[in-house]
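One letter stands for each residue in the lines below.
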Amino acid sequence: MRNLKLFRSLEFRDIQAPGKPQCFSLRTEQDTVLIGSEHGLIEVDPVIREVKNEIPLVAEGFLPEDGSGCIVGIQELLDHESVCVATASGDVLLCNLNTHQLECVGSVASGISVMSWSPDQELVLLATGQQTLIMMTKEFEPIMEQQIHQDDFGESKFITVGWGRKETQFHGSEGRQAAFQMQMHESALPWDDHRPQVTWRGDGQFFAVSVVCPETGARKVRVWSREFALQSTSEPVAGLGPALAWKPSGSLIASTQDKPNQQDVVFFEKNGLLHGHFTLPFFKDEVKVNDLLWNADSTVLAVWLEDLQREENSTLKTYVQLWTVGNYHWYLKQSLPFSTCGKSKIVSLMWDPVTPYRLHVLCQGWHYLCYDWHWTTDRSSGENLSDMANVAVVDGNRVLVTVFRQSVVPPPMCTYRLLLPHPVNQIMFSAHPKKSNDLAVLDASNQISVYKCGDSPSIDSTVKLGAVGGNGFKISLRTPHLDKSYKIQFENSEDEEVNPLKLGLLTWVQEDVFLAVSHSQSSPQSVIHHLTVAPSAMDDEQGQLNISSSVTVDGVIISLCCNSKTKSVALQVAGGQILKYLWESPSLAVEPWKNPGGFPVRFPYPCTQTELAMVGGEVSKHRLFIRGANGLEPMVSLALQAGLSSSHVSNGESLRKVERGSRIVTVVPQDTKLILQMPRGNLEVVHHRALVLAQIRKWLDKLMFKEAFECMRKLRINLNLIHDHNPKVFLENVETFIRQIDSVNHINLFFTELKEEDVTKTMYPPPVTSTVQLSSDPDGKKVDLICDAMRAAMENINPHKYCLSILTSHVKKTTPELEIVLQKVHELQGSAAPVPDAVSAEEALKYLLLLVDVNELYDHSLGTYNFDLVLMVAEKSQKDPKEYLPFLNTLKKMEVNYQRFTIDKYLKRYEKAIGHLSKCGKCEG
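Only a predicted model underlies this, so the values are computations on that prediction, with no experimental measurement involved. Once a new chain begins, its residue numbering starts again from 1 and follows that chain's sequence as written. Per-residue local features are limited, in this predicted model, to residues with pLDDT of at least 70; the limit for side-chain atom pairs, both in listing and counting, is 80 or more; totals at the level of whole chains, interfaces and linings are taken over all residues. As a rule here, side-chain values cover all heavy atoms of the structure and leave hydrogens and water aside.

## A short note on the overall build of the protein chain
Numbering of helices and strands starts at the N terminus; helices are DSSP runs of H or I of at least 4 residues and strands are runs of E of at least 2. The number of helices and strands found in the protein chain is 17 helices and 50 strands. For every residue, the accessible area obtained with a 1.4 Å probe (protein chains only) is divided by the maximum for its type, and the residue is called buried under 20%, exposed over 50%, and partly exposed between those limits. Looking at the protein chain residue by residue over its 925 residues, the buried ones come to 51%. Here, residues are in contact when the closest pair of their heavy atoms is within 4.5 Å. In the protein chain, the share of contacts with a sequence separation of at least 24, taken over all contacts with a separation of at least 6, comes to 53%. The protein chains shown are the only cover counted for residues, whose accessible areas, like all others here, come from Shrake-Rupley with a 1.4 Å probe. Carbon and sulfur atoms make up 50% of the accessible area of the protein chain, which amounts to about 44,400 Å² in all.

Spelled out as structure tokens, the structure:
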């Protein structure tokens with residue numbers, strides 16, 4: 001349930017170079033970009049924004065002077081300390097950028113259409129104009145040449161095991177007539193350039209080639225091994241497009257397919273069979289797919305699309321879309337619209353081979369763009385019960401919102417969804433603590449739609465219920481409504497056309513104020529913009545957001561987090577410095593964030609996830625950050641929750657093992673639920689011990705005994721904590737505790753768990769900052785104090801209703817008062833008129849037998865000298881009447897004092913026995 005968020009962009013405009021750019025490549029160690037044109041090769045440094053090297057190829061005769069030349073491939077070779085360049089005329093060149101020396105290492109007379117190096121740079125594959133494939137070593141020694149079109153299927157050809165003919169097999173929903181249909185081969189798409197496409201698997205063991213078959217005119221995908229042996233050929237797919245990209249992890253090969261009413265991205269297995277697809281959000285013949293690109297860790301698929309000319313004088317656009325998959329559902333996370341006219345037309349794009357979420361874009365007007373993305377979870381940040389623990393997920397022009405306080409809905413389902421007119425790029429929840437459920441959505445057209453929770457005068461058609469609606473269920477959920485949409489007005493309209501993501505790190509700080517960050521085009525500086533709502537003439541008219549003020553900051557801002565209570569913003573610069581910015585300050589100054597010692601705060605590494613929290617009432621003293629480098633790789637997600645202990649205890653309160661790859665989605669405020677998402681996409685709810693104890697302590701401090709008791713009973717927390725957390729407060733509010741629990745069974749459960757141990761010293765140590773009084777009477781016995789206090793309170797409230805609990809309080813004392821208990825049971829037997837809520841003597845005795853051994857209870861009943869009570873207990877025991885009835889009959893015949901002497905002697909109560917014996921008269925006879 002994560003979204004891709006832009007945290008840094010780099011722009012290099014108007015690169016001074018002749019001609020027009022055709023393709024580009026990266027030098028990862030030098031952080032430079034190699035760009036090829038019809039005049040030659042140049043190397044630029046986008047950070048310092050200057051051209052470092054120029055390699056002219058026209059003067060050397062490798063490119064024609066009339067400007068018709070074309071560079072089809074550029075690749076840096078680390079072993080050669082040079083760059084390999086292939087031209088469409090057939091030359092393969094090695095360029096040393098240090099000495100500017102050129103060497104032609106090979107030439108193909110028929111020309112070269114594709115040059116593709118294996119990921120380990122041990123092999124290079126050339127597709128020639130004669131429809132052949134040439135494989136060479138990294139020393140440019142030819143290994144083999146094969147025809148690009150093959151009649152054979154390959155080594156992985158399927159074997160028929162003789163399970164009948166096709167006509168007799170089951171064909172599913174297509175019906176039996178599908179067995180007799182002839183396979184129709186459709187020709188390539190009208191906009192197909194008929195050029196071969198080559199892609200390598202991440203380990204370099206296989207490569208795939210997509211070509212147009214000369215016999216059928218349709219595209220086919222063939223998979224070859226590293227030894228240049230054909231492995232498989234794809235099954236016939238009507239409308240197969242030219243784009244081809246092998247997932248680096250090796251599982252799937254992505255391509256495109258035009259269907260009668262839609263356009264899909266389809267996936268092939270290595271054996272050539274189709275395996276899944278997803279649909280692009282366009283109509284048929286509306287766009288064409290120029291390229292597909294997987295990022296380095298196989299988590300994001302970039303789709304480069306271009307509008308097709310459908311009407312004259314229509315404005316055409318190019319789109320770069322970023323897709324991710326989770327729980328077998330494909331999400332469109334980002335959509336970048338570019339113009340196809342002028343400088344902003346895309347020439348080429350590629351993912352960074354080292355930094356997985358860095359995308360490089362080259363535009364026609366010598367304009368270079370670099371976008372850095374990172375994963376983020378967009379959640380509401382409220383801290384009270386009014387916050388519904390919302391989590392929003394971007395899915396194209398839809399925002400999928402799940403309300404975790406009320407229900408846990410697994411993705412791709414949701415509680416409700418918001419429908420927008422354009423693809424969504426960013427979501428932000430309100431920073432106001434009382435309006436944390438309100439959210440604003442930034443779409444690809446730079447329009448912000450504000451949704452607010454509350455009563456709406458009419459039904460909002462842009463809000464649709466998800467998994468919680470329909471089928472006659474009553475909906476208790478209050479969904480938000482579209483309040484208004486605002487268009488961001490740029491000072492220079494060209495900025496929006498050239499860079500569609502001009503503004504990033506958008507944050508909603510006040511009702512009508514947004515903060516956004518842009519990066520300078522000419523220097524390593526950032527600008528903080530205040531976007532304020534412009535007054536409009538009509539309420540239903542689309543509003544405008546104007547840039548009211550701007551503040552320039554030295555350095556590239558990569559994260560922004562705010563605190564609405566202090567009106568402060570923490571800015572993180574790429575170098576690790578933390579800056580403080582007060583958005584309501586009239587000076588609009590940015591200053592270093594200093595620690596209590598007066599020294600500027602600096603993170604040791606850039607952090608992609610930052611949060612600002614108040615700990616101990618001060619924001620400036622504490623910051624929580626997480627580093628995404630090798631040292632802390634397992635920590636991949638975070639969520640803030642107030643009230644957690646800062647002590648590192650060894651009893652496992654703060655640590656809990658989860659499945660590897662699990663991520664924190666959110667924590668429900670004022671609750672114990674922690675939502676985790678597993679690697680495969682499903683959700684799990686856990687009640688982390690640290691969260692549970694922190695919340696229980698809050699409830700006990702507020703004398704919310706019922707909530708604390710229910711939570712402790714459900715999650716198996718020792719109930720002694722109710723008293724041990726603050727003994728003095730508990731004993732002073734025993735009556736409040738009993739009235740809130742209001743259940744005899746629950747009070748009895750509390751009694752049965754009582755023990756002398758102080759659980760705050762053994763099982764649940766309190767936070768370091770706790771000032772709670774740990775003991776009220778060190779000389780007294782804890783269990784006896786609680787039993788006496790609660791018994792007095794229950795007798796005061798309703799002795800008949802809490803009769804069983806009163807009996808339990810006697811039994812659970814350090815020295816059980818069983819005689820008193822039996823006497824109370826006997827009084828119940830003798831009571832005449834029934835009282836409401838009262839229990840009978842038989843019920844009370846039956847309950848006592850659960851607490852006390854029946855033989856022990858029999859002995860104590862005998863010690864009361866009440867034979868009716870003894871018979872009542874004996875009847876409930878397993879004793880044989882032949883054993884106790886003669887004994888009792890013998891006792892009844894005795895004189896009273898001698899009878900009691902005999903009973904005391906039987907019970908080994910010798911002191912009482914002597915006392916009763918002394919009261920006996922003289923023996924007759």
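Continuing now.
## Some thoughts on the environment of alanine 534
Positionally, alanine 534 belongs in strand β40 (residues 525-534). Between the C-alpha atoms of alanine 534 and serine 548, which are 14 residues apart in sequence, the distance is 9.5 Å. Beyond its immediate stretch of four places on either side in the chain, alanine 534 contacts Gln544 and Asn546.

## Regarding the sheet that holds strand β22 (residues 287-294)
Strands in a sheet are paired, the pairing made by backbone hydrogen bonds, and the direction either parallel or antiparallel. We call two strands paired when DSSP finds no fewer than two bridges between them. Strands sit in the order β22-β23-β24-β25 across an open sheet of 4 strands; the sheet is antiparallel. Each end of this open sheet is capped by a strand with a single partner; those strands are β22 and β25 (329-339). If you compare each strand with its neighbour and ignore which way they point, the axes differ by 20° on average. Two strands pair when backbone bridges link them, and strand β23 (residues 301-307) and strand β24 (residues 317-326) are joined in this way by 6 bridges, in the antiparallel orientation. Its bridge partner lying in β24, tryptophan 304 is registered against valine 320. Think of each axis as a best-fit line through the C-alpha atoms, taken over the contacting stretch in the case of a helix, with angles from 0 to 180 degrees between the N-to-C directions.

## With respect to the packing of aromatic side chains
The pairing test for Phe, Tyr and Trp rings, Trp by its six-membered ring, is centres within 6.5 Å, and the orientation test on the planes gives stacked under 30 degrees, edge-to-face over 60, and tilted for anything in between. Scanning all chains against the criterion turns up 21 aromatic pairs. A centroid spacing of 4.5 Å and a plane angle of 35° characterise the contact between phenylalanine 278 and tryptophan 323, whose relative ring orientation is tilted. Of the two residues, phenylalanine 278 sits in strand β21 (residues 274-279) while tryptophan 323 sits in strand β24, which places them 45 residues apart along the sequence. Of the two residues examined, phenylalanine 278 and tryptophan 323, each falls in the buried class. Aromatic side chains phenylalanine 750 and phenylalanine 751 sit 6.4 Å apart centroid to centroid with 50° between the ring planes, which places their arrangement in the tilted category.

## A closer look at the packing of helix α6 (residues 734-741) against helix α9 (residues 782-797)
Closest axis-to-axis distance for the α6/α9 pair is 9 Å, and the angle between their directions is 60°. Judged on the interaxial angle alone, α9 and α6 are oblique. The handedness of the crossing between α6 and α9 is right-handed. From α6, Val734, Glu735, Phe737, Ile738 and Arg739 reach across to α9, where they touch Ala789, Met790, Ala793, Met794, Asn796 and Ile797. Grouping the constituent residues of the contact of α6 with α9 by class yields 8 nonpolar, 1 polar and 2 charged. Here is the rule for angles: anything less than 35 degrees is roughly parallel, anything more than 145 is roughly antiparallel, 65 through 115 is roughly perpendicular, and the remaining ranges are oblique. In a left-handed crossing the near helix is turned counterclockwise from the far helix by less than a right angle, and in a right-handed crossing that turn is clockwise. Ten residue types, Ala, Val, Leu, Ile, Met, Phe, Trp, Tyr, Cys and Pro, are classed as nonpolar, four, Asp, Glu, Lys and Arg, as charged, and the remainder, Gly among them, as polar.

## Let's talk about the sheet that holds strand β9 (residues 101-107)
Taken in spatial order, the 4 strands make up an open sheet running β6-β7-β8-β9, and their pairing is antiparallel. Looking along the sheet, the strands with just one partner apiece sit at the ends: β6 (71-77) and β9. Between one strand axis and the next, the sheet turns through 20° on average, direction left out of account.

## A few points about the nonpolar core
By convention a nonpolar core is built from buried Ala, Val, Leu, Ile, Met, Phe, Trp, Tyr and Cys residues, the set being connected through side-chain atoms within 4.5 Å. By size, the foremost hydrophobic cluster in this structure holds 61 residues, and its most contacted members are Ile696, Ile722, Phe750 and Met790. Per element, the largest residue contribution to this core is 6 residues, and it comes from α9. In this view, methionine 790 contacts Phe730, Val734, Phe737, Ile738, Ile747, Phe750 and Phe751; residues no more than four positions away in its chain are not counted. Formed by 22 residues, the second largest nonpolar core is a distinct cluster that contains Val320, Leu322, Trp351 and Cys363.

## Describing the side chain of serine 380
Inspection of the secondary structure assignment puts serine 380 in the loop between β29 (378-379) and β30 (390-395). The term polar contact refers here to a pair of N or O atoms within 3.5 Å; inside protein, the definition further demands a hydrogen-donor-capable atom paired with an acceptor-capable atom, and it admits residues adjacent in sequence only when both atoms are side-chain atoms. Among the polar contacts listed, one links the side chain of serine 380 to the side chain of aspartate 387, at a separation of 3.1 Å. Among all residues touching serine 380, those that are not within four sequence positions of it are Asp387, Ala389, Asn390, Phe429 and Ser436.

## As for the packing of α9 against helix α10 (residues 803-811)
In contact at an axis separation of 9 Å, α9 and α10 are set at 160° when each is read in the N-to-C sense. The angle between α9 and α10 falls in the class roughly antiparallel. By crossing handedness, the relation of α9 to α10 is classed as left-handed. The segment α9 lies against α10, with Cys787, Arg791, Met794 and Glu795 engaging Ser805, Ile806, Ser809 and His810. Looking at side-chain class alone, the contact of α9 with α10 contains 3 nonpolar, 3 polar and 2 charged residues.

## Description of α10
The buried fraction of α10 is high, at 9 of 9 residues. Within α10, burial applies to Cys803, Leu804, Ser805, Ile806, Leu807, Thr808, Ser809, His810 and Val811.

## Some thoughts on unusual backbone geometry
Omega for the peptide link from proline 411 to proline 412 comes to 10°, which places this bond in the cis form. Among the secondary structure elements, proline 412 is positioned in the loop between β31 (398-403) and β32 (416-419). Its identity is not glycine, yet aspartate 31 carries a phi of approximately 55°, on the positive side. Tracing the chain through its elements places aspartate 31 in the loop between β2 (21-27) and β3 (32-37). Within the chain, histidine 194 stands out as a residue other than glycine whose phi angle is a positive 60°.

## Looking at the pattern of salt bridges
Side chains bearing opposite charge may pair, as long as their charged atoms lie close to each other. Just to be clear on terms, a salt bridge is a Lys or Arg side-chain nitrogen sitting within 4 Å of an Asp or Glu carboxyl oxygen. Taken as a whole, this structure holds 26 salt bridges when the rule is applied. Between aspartate 395 and arginine 398 there is a salt bridge; the shortest N-O distance is 2.6 Å. Judged by relative accessible area, arginine 398 falls into the partly exposed class, the value being 26%. With its nearest N and O atoms 3.0 Å apart, the salt bridge here joins arginine 739 to glutamate 735. With arginine 739 and glutamate 735 both in helix α6, this residue pair falls 4 residues apart, about one helical turn. Residue class for arginine 739 comes out partly exposed when judged on its relative accessible area of 49%. With relative accessibility at 31%, the residue glutamate 735 sits in the partly exposed group. Within this structure, Lys435, Lys452, Asp483 and Glu511 form a network of salt bridges that share partners.

## Focus on the pairing of β6
Along a regular strand, successive side chains alternate from one face of the sheet to the other. Buried residues dominate β6, accounting for 6 of its 7 residues. Where β6 folds back on strand β7 (residues 82-87), the antiparallel hairpin that results is connected by 4 residues, among which glutamate 81 adopts a positive phi of roughly 55°.

## Some points on the environment of phenylalanine 7
Relative to the elements of secondary structure, phenylalanine 7 occurs in strand β1 (residues 3-12). The class for phenylalanine 7 is buried, based on a relative accessible area of 11%. For the pair phenylalanine 7 and valine 517, spaced 510 residues apart in sequence, the C-alpha to C-alpha distance is 9.4 Å. In this view, phenylalanine 7 contacts Asp372, Trp373, His374, Leu505, His519, Ile557 and Ile558; residues no more than four positions away in its chain are not counted.

## Notes on the pairing of strand β43 (residues 568-573)
Burial runs high along β43: 6 of the 6 residues are buried. Taking every second residue as pointing to the same face, both faces of β43 are buried, with Ser568, Ala570 and Gln572 on one and Val569, Leu571 and Val573 on the other. Bridge count for strand β42 (residues 557-563) against β43 is 6 bridges, and the pairing is antiparallel. Across the sheet, cysteine 561 pairs through a bridge with alanine 570, a residue of β43. Bridge analysis of β43 against strand β44 (residues 578-582) gives 5 bridges, and the strand direction is antiparallel. Paired with alanine 570 across the strands is lysine 580, a residue of β44. Hairpin remark: β43 followed by β44, antiparallel, with 4 residues in the connecting loop; positive phi at glycine 576, about 105°.

## Notes on the side chain of serine 485
Within the secondary structure, serine 485 is located in strand β37 (residues 481-488). In terms of polar contacts, serine 485 uses its side chain to reach the side chain of serine 449, at 3.4 Å. Other than its neighbours up to four places away in sequence, serine 485 contacts Gln447, Ile448, Ser449, Gln542 and Gly543.

Function cannot be read off these values alone, since they describe shape.
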